[in-house]
Amino acid sequence: MSVAQGVNYLNEDKSLKSWLFTLDHKRIGVMYLFGVMTMFLLGGIFAILIRLELLAPGPDLMTADTYNQMFTLHGAIMIFLFIIPAIPAALGNFVLPLMIGAKDVAFPRLNLASWYVYLLGAGFALFSMLAGAADTGWTFYTPYSTTTSTSVISMTMAAFILGFSSIFTGVNFIATIHKLRAPGMTWFKMPLMIWALYATAVIQILATPVLGITLVLLVLEKAFGIGIFDPAMGGDPVLFQHFFWFYSHPAVYIMVLPGMGIISELIATFSKKKIFGYKLIAYSSVAIALISFLVWGHHMFTSGQSELAAMVFSFLTFFVGIPSGVKMFNWLATMYKGRISFEAPMLWALSFMFLFAIGGFTGIMLGAISLDIHFHDTYFVVAHFHYVMMGGTVVAFFGGLHYWWPKIWGRMYNETLAKISVILVFIGFNMTFFTQFILGSQGMPRRYFNYLDQYQPLHAFSSYGSWVLGLGFIIMAFYLIHSLFRGKKAPDNPWGALTLEWQTSSPPSHHNFDEIPDLDHDPYDYDKLMVVDDKLIRKNGQSEKKETTVN
Amino acid sequence: MSEHTQSNHHILPLKVYLGIAGALFVLTIITVAVSFFHFGELNIIVALLIAATKGTLVALYFMHLKYDNKLYMTIFVLSLIFLAIFLGFTMLDTNFRGEIDVSEGPPIDQNAIIYEQQK
């Protein structure tokens, strides 16, 4: 039954064509990984340049117009081309079928199409950069976006196209989770990562079309002068914000929910303990997805929205804190009395918990109208956003990347360098962004090119932090690329995890599993099972299965 | 595409189709007729109700939703609820824009400097 020794999805056919036309979810995931990492590099370079410019007041590196384009590109690239596809489309694509014991996703061709659509969207974004990059900020607010002469249309078209890529992935994941689970894997035996991806997919399908509509309306107004958002033509500029945030607020949960899924896996695996409150964590993912649709107006407290709407949205916003809190406390309770080991992925997970807690709490602060009036459009919002998106999602993404790296490539990375990298990122991140909470509370407005001298020390400190952060990522790039070529061969189950993706070879064969996996345990049965030499062993000493591994 | 697969399962009598077509026609006349009346804030709601009724009739009978797997019906209804949420919450803004809830209470400290300056 078993595949020839050493043949896996990476080496069974090495031609370029076999990659470009592949229907294998693992290869598509890997191609997405290269795509999103390239975009992360690009967006990261813009970020470093922005911070460099802000090192001192006044124009240093670039003109004010270039600065506006810089932060717009940083935001748009990081959001639409990196964070949104990073976890679902890159990591999710790779691990979802493996985790549920399937051979592939439900619609492999749609999966490949989503990658090409992603490339097309990225092409539009790059074209927009060359043709006078948009300077509106990633939110494309009217009336500025309809009046600026920069290439807003091509950038919005990029976001529009990327939306389809996101929807394709969502449709695929929902169908896969419904239809292709291994025998015996009931809904409540699914790993929590799958619940998170499922909730994410629901939002992707429901919310993304609204972004498409919004951007089309924007283009119609800009290109043909149809009055939708322009009051002079009977439109309403605040309506744009309603449209935009109806997508974009749920979209931040598209970004963070799969991150939470990763953290659930990491915490359980590296605490070697049954996850605490499985059902509540699963339900809280769905609850976050649903509540996310009811809170968008909290972005508009100072935009001229009616007081009544502001009150309702503020009230509803607080509800997001409940399922998020449920997750945090359940992870903590999982760690309690666990056998915690501090490998690099676990350090990323712990960073997530620390940073996301700060991001979450400041979100509650911003959800309170009275505080938001003060903090709105200051660095406080920038800091909150980065704590949630980078301290939350990006940190979780890298935790997941390190966790599944041995499975993806069949090679280990340098653990010491990985630990140094995560620690540098953690320190650099807090230096960069905690400072911005203080700047914001002192009144430093966001998106400003210049600032008063009194803010200079904190701005400088924040910029130094960005260098530490950058150094952490450079080290990571070094050891991960080194691992690709020279890394030690990875065992099938280096972390001793119980989910299905670890019960096949590293890297997996083309069909993932030689036999349909036989599911006779829950994903987090660490109280009953342990892994010794890639084999599942019952804790009373008997072998769980005679042959659990492929090789 | 779905029409072809569904028609294998269920064929409706012609009179049902004609009946629905008649109903849609009448509803169209009502749409035009109510546009001459002004219901104030209810204008949008009335227009949307008529449009939603028409859309539902088309989906139920012409698209055979009524005779199909109930899952599709659930998804259809959920999408309507979803749309209602978007429109409803947005109207909480647009219909109450500019209404300021003035809250006036006694000063916390009558002797505060700010009140002296006002005098």
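For the structure, check the block above.
### A look at the overall build of chain A
Line of reasoning, step 1. From N to C terminus, chain A includes 15 helices and two strands.
Line of reasoning, step 2. Computed over its C-alpha atoms, the radius of gyration of chain A comes to 23 Å, within 12% of the 24 Å expected for a compact globule of 551 residues.
Line of reasoning, step 3. Across its three principal axes, chain A shows a C-alpha extent of roughly 75 × 45 × 45 Å.
Line of reasoning, step 4. A total of 551 residues make up chain A; the buried ones form 60% of that total.

### Quick notes on the pattern of salt bridges
Residue and element names in this part refer to chain A.
Line of reasoning, step 1. Within the structure shown, the criterion is met by nine salt bridges over all chains.
Line of reasoning, step 2. Across the salt bridge formed by Lys 274 and Asp 522, the nearest N and O atoms sit 4.0 Å from each other. Of this pair, Lys 274 sits in the loop between α8 (237-271) and α9 (278-291) while Asp 522 sits in the loop between α15 (456-486) and β1 (529-532); the two residues are 248 residues apart in sequence, bridging distant segments of the chain.
Line of reasoning, step 3. A residue is classified by how much of its surface remains accessible, and Lys 274, at 34% relative accessible area, is partly exposed.
Line of reasoning, step 4. Judged by its relative accessible area of 24%, Asp 522 falls in the partly exposed class.

### Quick word on the packing of aromatic side chains
Note on aromatic pairs: each is described by the distance of the centres and the angle between the planes.
Residue and element names in this part refer to chain A.
Line of reasoning, step 1. Overall, the coordinates contain 59 aromatic pairs over all chains when judged by the stated rule.
Line of reasoning, step 2. Aromatic pair Phe 80 and Trp 138: ring centres 6.0 Å apart, planes at 65°, arrangement edge-to-face. Of this pair, Phe 80 sits in helix α3 (residues 64-99) while Trp 138 is found in the loop between α4 (108-130) and α5 (144-147), placing the two residues 58 residues apart along the sequence.
Line of reasoning, step 3. According to the relative accessible area criterion, Phe 80 is buried, its value standing at 7%.
Line of reasoning, step 4. Classification of Trp 138 as buried rests on a relative accessible area of 9%.
Line of reasoning, step 5. Members of the aromatic cluster, joined through ring pairs, are Phe 80, Trp 138, Tyr 141, Phe 229, Phe 240, Phe 244, Trp 245 and Phe 385.
Line of reasoning, step 6. Above the face of the Trp 19 ring, Arg 27 is positioned so that its terminal group lies 4.2 Å from the ring centre.

### As for the interface of chain A and chain B
Line of reasoning, step 1. In this assembly, 19 residues from chain A lie in contact with 13 residues from chain B.
Line of reasoning, step 2. Summing both sides of the interface, chain A and chain B together bury roughly 1500 Å²; the carbon and sulfur share of this comes to 76%.
Line of reasoning, step 3. One can count one salt bridge joining chain A with chain B.
Line of reasoning, step 4. Among the salt bridges present, the one from Arg97(B) reaches Asp236(A), with a minimum N-O distance of 3.0 Å.
Line of reasoning, step 5. Our count for the contact surface shared by chain A and chain B stands at five residue pairs in polar contact (both at pLDDT 80 or more).

### With respect to the environment of Ser370(A)
Line of reasoning, step 1. With respect to the element layout, Ser370(A) can be found in helix α12 (residues 369-375).
Line of reasoning, step 2. Taking the C-alpha atoms as reference points, Ser370(A) and Phe301(A), 69 residues apart in sequence, are found 9.5 Å from one another.

### Quick word on the nonpolar core
Residue and element names in this part refer to chain A.
Line of reasoning, step 1. Membership of the largest hydrophobic core comes to 183 residues, with the highest contact counts inside it found for Phe 80, Phe 82, Trp 331, Phe 352, Phe 397, Phe 398 and Trp 404.
Line of reasoning, step 2. Looking at this core element by element, the count peaks at 23 residues for α3.
Line of reasoning, step 3. Among all residues touching Phe 398, those that are not within four sequence positions of it are Met 37, Phe 40, Trp 348, Phe 473 and Met 476.

### So, helix α7 (residues 192-224) of chain A
Each turn of an α-helix holds 3.6 residues, which means side chains three or four residues apart point in the same direction.
Residues and elements named next belong to chain A.
Line of reasoning, step 1. For α7, with 33 residues, the first-to-last C-alpha span of 47 Å sits near the 48 Å given by 1.5 Å per residue.
Line of reasoning, step 2. The sharpest bend along α7 comes to roughly 30°, located at Ala 207, with the proline Pro 209 sitting one to four residues further on.
Line of reasoning, step 3. Taken from the residues just after α7, Gly 225 is the one with a positive phi, measuring 65°.

### Looking at the packing of α8(A) against helix α10 (residues 307-335) of chain A
Residues and elements named next belong to chain A.
Line of reasoning, step 1. Closest axis-to-axis distance for the α8/α10 pair is 9 Å, and the angle between their directions is 15°. Relative to α10, the element α8 is oriented roughly parallel. Crossing angle aside, the handedness with which α8 passes α10 is left-handed. Here α8 contributes Tyr 253, Leu 257, Met 260, Ile 263, Ser 264, Ile 267, Ala 268 and Ser 271 to the contact with α10, which in turn contributes Val 320, Ser 324, Lys 327, Trp 331, Thr 334 and Met 335.
Line of reasoning, step 2. Taken together, the residues that form the contact of α8 with α10 break down as nine nonpolar, four polar and one charged.

Rules used throughout
Residues numbered from 1 in each chain as written. Chains lettered and ligands numbered in written order. Predicted model: local features only at pLDDT ≥ 70, side-chain atom pairs only at ≥ 80, totals over all residues. Heavy atoms only, no water. Helix = DSSP H or I, 4+ residues; strand = E, 2+ residues; numbered from the N terminus. Rg over C-alpha atoms; globule rule 2.2 N^0.38 Å. Buried < 20%, exposed > 50% of the residue type's maximum accessible area, 1.4 Å probe, protein only. Salt bridge = Lys/Arg side-chain N within 4 Å of Asp/Glu carboxyl O. Phe/Tyr/Trp six-rings, centres within 6.5 Å; stacked < 30°, edge-to-face > 60°. Lys NZ or Arg CZ within 6 Å of the ring centre and 35° of its normal. Contact = heavy atoms within 4.5 Å. Buried area = accessible area lost by both parts, 1.4 Å probe. Polar contact = N/O pair within 3.5 Å; in protein donor to acceptor, adjacent residues only side chain to side chain. Core = buried A, V, L, I, M, F, W, Y, C linked by side-chain atoms within 4.5 Å. Expected span 1.5 Å × (residues − 1). Bend = angle between axes of the 7 residues up to and from the residue. Axes fitted to C-alpha atoms, helices over the stretch in contact; angles between N-to-C directions. Parallel < 35°, antiparallel > 145°, perpendicular 65-115°, else oblique. Left-handed = near helix turned anticlockwise from the far one by under 90°. Nonpolar A, V, L, I, M, F, W, Y, C, P; charged D, E, K, R; others polar.

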